[in-house]
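Results of the structural survey
Spelled out, the chains give:
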Amino acid sequence: MSVAEAFPARRGAASPVVIVCILWLVTMVVVAAGADLIAPTHYTTQDLTARFRPPAFLAGGDLRHLLGTDHLGRDMLSRLVYAVRTSILIAFFGTMIGAFFGTMIGVAAGRLRGPVDLVAMTLTDMQTALPAMFVAITFLAFFGNDIVLFVVMVSLDGWERYARLARGLVVSEQATDYVRAVEQLGARSSRVVFRHLLPNILASLVVQATLNFPQTILLETSLSFLGLGVQPPGTSLGLMLGEGRLHLLNAWWIAVLPGLVIFFTTLAMSLFGDWLRDRLDPTVDPTR
Amino acid sequence: MISFVLRRLLSALPTIFIVVTVSFFLIRVAPGGPFDGESHIDPRILENLKRVYQLDQPLWMQYWLFLKNLAHGDLGPSFFFKDFTVAQLFAVSLPVSMENGAAALALALAFGISLGTVAALRQNHGVDHAVMGVATIGVTIPNFVVGPLLTLIFALGLSWLPAGGWNNGAFANRVLPVVTLALPQMAVIARLTRASLIEALRANHIRTLRALGLPTTTVTLHALRGALLPVVSYLGPAAANLMTGSVVVERIFGIPGVGRYFVDGALSRDYTLVMGTVILISVFVIVFNLIVDILYSFLDPRVRME
């Protein structure tokens, strides 16, 4: 399928809102990539004589700290920039790992059926019965906090949805004539799966990933907020919010600024995901 | 009907059994134990402690004892909250979490369905766009942002409600946590209701009702019965989401519910409390999904209980 076929122009041309969302997401990626260049200071640099400075646009703020400082006099802008990098990286890898393994398990279950299917479906039932957050809290508390373990835990969120989706798509796609024809021609199973099945079901999985990405950001930030995710002196959006919550009354910006970044990012991603689904999924009525 | 329920419950048993087994062994192979935090402890006292909590037995034996007690409905003593059994802790914390969860779900259903209906009836008008805008924001704004924000406005700014604490479940203390818990679910339900009601209003039997000149209220009620099916099937995931949300919300507002005990228990390697919570949650999710399926078949007679 060519790019032009995958994105027919007549369906849901990008509205101004979607363009703003894409711009915001691109900005976040640029900020994450160029954190070292953008941040005025390192995120751990403290200045105890300049604690609780409000942002520059408020009374009492000054231009040295555009977004103010936190309870240790650390520059909020610098911390936010690095927090965006941490949170986006973790959510990105979390989504990718979850999508990859979920899809593989689903495709294997749909293709091989029999015992593989049974094991895969039991695993997805288990994951449904025990929400990812509880698994993640248990693991992180018992095995100690480690960035690799943390990313793996974040990736647990939603893998069962990819698995179910991929399995269903493979089962229905296998019954189509073109797959039968390829099999009749004697193609190996791996060729059928990777050359023919996967490319045809990929669009739905990509949409699922964009809809799942905000959830992954929320899981990462929730865990960091609870103190089980990224550890100080590191910084992540959830951790900043958790720290700032204690100073809501006298320095609201410490909590509100990372909260806004989380909010805009998840909002932009899910609006983008909705738009993508309308374009790629012919069963969705775009006028709704 | 009864045989359907029994069959579903029986088929859930292996899932719960595997969840229990995997969790049991995984948390036991984790480094550290529940008594590592005790400083300068006499080795003999430690030995006694381990014997009392049966940690001196080989692992497979502990597993067997755990299963045996579980079959008798005994979840064992808590390691961290000494002098309490896990069952006693649940007896205190479960009602708190359940009441908040039920209140949040009721609130989400009432407002979600109403808002979704209004939006569907005024499709593509100002009201519709406003409701959908708020709903999209509600889905994406995390509850640990909403919680502090509501605290800032209603507790610290306006001083209408307490900022946190439980105060034995006084009404004022429940408002903010329940609203925080309900908002995201309300938003999802509003979106689901709107989407399926728009479709239902176009159906032939609804057009007939309109042609007969029935009032809009009657027509809408008829359309809603069919349109609520997606909302009913969302109730399963909604219950799971409410439980996940309660972990954060109970921490923010300092509420002594299951979620808070769970985080404290996990951080202090309270084997039995964590196992108890794991079992509690998976049983709850499975039973709740079963109830949703039964409800669904009542609303839609085409779905048979098989």
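None of these values were measured; they are calculated from a predicted model. (Residues numbered from 1 in each chain as written. Chains lettered and ligands numbered in written order. Predicted model: local features only at pLDDT ≥ 70, side-chain atom pairs only at ≥ 80, totals over all residues. Heavy atoms only, no water.)

**Considerations on the overall build of chain B**
Within chain B, the regular secondary structure consists of twelve helices and zero strands. Overall, chain B shows an N-to-C arrangement of helices and strands of α-α-α-α-α-α-α-α-α-α-α-α. Seen through its C-alpha atoms, chain B measures out along the principal axes to roughly 85 × 55 × 30 Å. Counting every position in chain B, which comprises 306 residues, the buried fraction comes to 47%. Counting only contacts in chain B whose residues sit at least 6 apart along the sequence, the fraction spanning at least 24 positions is 75%. Summing over all exposed atoms, chain B offers an accessible surface of approximately 15200 Å²; the carbon and sulfur share of this is 66%. (Helix = DSSP H or I, 4+ residues; strand = E, 2+ residues; numbered from the N terminus. Buried < 20%, exposed > 50% of the residue type's maximum accessible area, 1.4 Å probe, protein only. Contact = heavy atoms within 4.5 Å. Areas by Shrake-Rupley, 256 points an atom, 1.4 Å probe, with all protein chains shown as cover.)

**A short note on the overall build of chain A**
Scanning chain A from N- to C-terminus turns up twelve helices and zero strands. Dimensions along the principal axes, computed over C-alpha positions, put chain A at roughly 75 × 50 × 35 Å. Pairs at least 24 apart in sequence give 71% of the contacts found in chain A among residues at least 6 apart. For chain A, the accessible surface area stands at approximately 13100 Å², while carbon and sulfur atoms represent 68% of it. Across chain A, 21 positive and 20 negative side-chain charges occur, with their mean positions spaced 3 Å apart. (Lys, Arg positive; Asp, Glu negative; His and termini not counted. Charge placed at Lys NZ, Arg CZ, Asp CG, Glu CD.)

**As for the packing of helix α5 (residues 114–129) of chain A against helix α1 (residues 2–29) of chain B**
At a minimum axis distance of 10 Å, the contact between α5 of chain A and α1 of chain B shows a crossing angle of 75 degrees. The orientation of α5 of chain A with respect to α1 of chain B, classified from their angle, is roughly perpendicular. Where α5 of chain A approaches α1 of chain B, its residues Thr122, Asp125 and Met126 of chain A are matched on the opposing element by Thr15, Ile18, Val19 and Val22 of chain B. (Axes fitted to C-alpha atoms, helices over the stretch in contact; angles between N-to-C directions. Parallel < 35°, antiparallel > 145°, perpendicular 65-115°, else oblique.)

**Observations regarding the environment of Ala12 of chain B**
Here Ala12 of chain B shows up in helix α1. Taking the C-alpha atoms as reference, Ala12 of chain B lies 47 Å from Gly126 of chain B; in sequence the two are 114 residues apart.

**Observations concerning the confidence of the model for chain A**
Mean pLDDT over chain A: 82, with 92% of residues reaching 70 or higher. In this model residues 1–10 of chain A is a low-confidence stretch, pLDDT under 50, and it forms seven contacts with partners more than four residues away in sequence or in other chains. (pLDDT = per-residue confidence, 0-100.)

**What to know about the interface of chain B and chain A**
Each partner contributes residues to the interface: chain B has 47 residues there, and chain A has 37 residues. Across the chain B/chain A interface, buried area totals approximately 3800 Å², and carbon plus sulfur atoms make up 78% of it. Put simply, chain B and chain A have one salt bridge between them. Linking Asp274 of chain A and Arg191 of chain B is a salt bridge whose minimum nitrogen-to-oxygen distance equals 3.0 Å. Remark: the boundary between chain B and chain A carries three residue pairs in polar contact (both at pLDDT 80 or more). (Buried area = accessible area lost by both parts, 1.4 Å probe. Salt bridge = Lys/Arg side-chain N within 4 Å of Asp/Glu carboxyl O. Polar contact = N/O pair within 3.5 Å; in protein donor to acceptor, adjacent residues only side chain to side chain.)

**Brief notes about the environment of Thr136 of chain B**
In this fold, Thr136 of chain B is placed in helix α5 (residues 126–140). We classify Thr136 of chain B as buried; its relative accessible area is 13%. Considering only alpha carbons, one finds Thr136 of chain B and Pro184 of chain B, 48 residues apart in sequence, at a separation of 9.2 Å. Leaving out residues up to four positions away in the same chain, Thr136 of chain B has contacts with Leu267 and Leu271 of chain A together with Arg191 of chain B.

**Notes on the nonpolar core**
The tendency in soluble globular proteins is for nonpolar side chains to be buried as a group. With 136 residues, the main nonpolar core has Val84, Met133, Ile137 and Leu223 of chain A together with Phe144 of chain B as its most contacted residues. Residues Val107, Tyr162, Val179 and Leu197 of chain A belong to the second largest nonpolar core, which totals 14 residues. (Core = buried A, V, L, I, M, F, W, Y, C linked by side-chain atoms within 4.5 Å.)

**Focus on the pattern of salt bridges**
A pair can form between side chains of opposite charge whenever their charged atoms are brought close. All names here are of chain A. Scanning all chains against the criterion turns up ten salt bridges over all chains. Among the salt bridges present, the one from Asp117 reaches Arg167, with a minimum N-O distance of 2.7 Å. Here the residue Asp117 occupies a position in helix α5, and Arg167 occupies one in helix α8 (residues 159–174), the gap between them amounting to 50 residues. Its salt-bridge partner being Arg164, residue Asp125 comes within 3.4 Å of it at the nearest N-O pair. With a gap of 39 residues between them, Asp125 in helix α5 and Arg164 in helix α8 connect regions that are remote in the sequence. We classify Asp125 as partly exposed; its relative accessible area is 37%. A cluster of three or more residues bridged by salt bridges with shared partners is formed by Arg74, Arg79 and Glu243.

**Here we look at the packing of helix α10 (residues 189–225) of chain A against helix α12 (residues 253–280) of chain A**
Residue and element names in this part refer to chain A. Contact pair α10 / α12: the axes reach a minimum separation of 9 Å and the direction vectors enclose 165 degrees. Overall, the two elements α10 and α12 adopt an arrangement that is roughly antiparallel. Judged by the sense of rotation from one axis to the other, the crossing of α10 with α12 is left-handed. Within the contact between the two elements, α10 uses Ala203, Val206, Val207, Thr210, Leu211, Phe213, Pro214, Ile217, Leu218 and Thr221 and α12 uses Ile262, Thr265, Thr266, Met269, Ser270, Phe272, Gly273, Asp274, Leu276, Arg277 and Leu280. Each residue belonging to the contact of α10 with α12 can be placed in one class, and the counts come to 13 nonpolar, six polar and two charged. (Left-handed = near helix turned anticlockwise from the far one by under 90°. Nonpolar A, V, L, I, M, F, W, Y, C, P; charged D, E, K, R; others polar.)

**Observations regarding the side chain of Gln174 of chain A**
Mapped onto the elements, Gln174 of chain A comes out in helix α8. Here the side chain of Gln174 of chain A touches Arg111 of chain A through a polar contact of 2.7 Å, side chain to side chain.

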